[in-house]
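Listed below, chain by chain, are the residues.
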Amino acid sequence: MLMPKRVKYRKMHRGRRQGIATRGATVAFGDFGLQAVEACWMTNRQIAAARRAMTRPVKRGGQIWMRVFPDKSITKKPAETRMGSGKGNPEGWVAVVKPGRVLFEMGGVTPQVAKEAMKLAASKLPIKTRFVSADSAGGSR
């Protein structure tokens, strides 16, 4: 499961999901990418499921880069607990995703294979995404 090795503080503020992604919004490593169109908290399980889904059609050809990492802890209070008595215990990890963020990248495969793999990965994610290539997303290549 994806999670940080260690963090300075166990419990984090929730924050606000406003604005667009200013960093990580271009295809930087591969030739094709999967770009978020909406904002969300993406859990470590969702990221792992999408990665697993997209590696299957690629088989052993090509390379995959994960551009998001779940580094924000999420707390939950037990069921049927009265209000108050502090913040709950950490339950899981999420990555904060803003619109425009490139989630996954792929290289060394044909556009058809990449598109099919990204479609399978997108079905595992809780947001709308779009398929981008290095030249269309303003990549550095």
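Residues numbered from 1 in each chain as written. Predicted model: local features only at pLDDT ≥ 70, side-chain atom pairs only at ≥ 80, totals over all residues. Heavy atoms only, no water.

A short note on helix 1 (residues 44-58)
Across its 15 residues, helix 1 extends 22 Å between first and last C-alpha, which sits within 8% of the 21 Å expected from 1.5 Å per residue. Those residues of helix 1 that fall on the buried side of the exposure criterion are Asn44, Ile47, Ala48, Ala50, Ala53, Met54 and Val58. Immediately beyond the C-terminal end of helix 1, within one or two residues, lies Lys59, with a positive phi of roughly 55°. (Helix = DSSP H or I, 4+ residues; strand = E, 2+ residues; numbered from the N terminus. Expected span 1.5 Å × (residues − 1). Buried < 20%, exposed > 50% of the residue type's maximum accessible area, 1.4 Å probe, protein only.)

Focus on the sheet that holds strand 5 (residues 89-97)
Taken together, the three strands give an open sheet; going across it, the order is 2-5-4, and neighbouring strands pair in antiparallel fashion. The sheet is open, and its two edges are formed by strand 2 (40-43) and strand 4 (72-76), each paired on a single side. For this sheet, the mean inter-axis angle between neighbouring strands, taken without regard to orientation, is 50°. As paired elements, strand 2 and strand 5 share four bridges and run antiparallel to each other. Along strand 5, the bridge assignment pairs Thr43 with Val94. Strand contacts of helix 1: strand 2 and strand 5, with the helix running at about 70° to strand 2, the strand carrying the most contacts. (Pairing = 2+ DSSP bridges. Axes fitted to C-alpha atoms, helices over the stretch in contact; angles between N-to-C directions. Contact = heavy atoms within 4.5 Å.)

Things to note about the sheet that holds strand 3 (residues 63-66)
The strands making up a sheet associate through hydrogen bonds between their backbones, and the pairing can be parallel or antiparallel. Taken in spatial order, the four strands of this open sheet run 3-6-1-7, and their pairing is antiparallel. On the outer flanks of this sheet lie strand 3 and strand 7 (129-133), each paired with one strand and no other. On average, each strand axis in the sheet is inclined to that of its neighbour by 20°, with strand direction left out of account. Here four bridges tie strand 1 (residues 32-36) to strand 6 (residues 102-107), and the two strands are oriented antiparallel to one another. Within strand 6, the position partnered with Gln35 by the bridge is Val102. Against the sheet, helix 1 contacts strand 3 and strand 6, and its axis sits at roughly 20° relative to strand 6. Contacts between helix 2 (residues 111-122) and the sheet are confined to strand 1, strand 6 and strand 7, with strand 1 contributing the most and set at about 30° to the helix.

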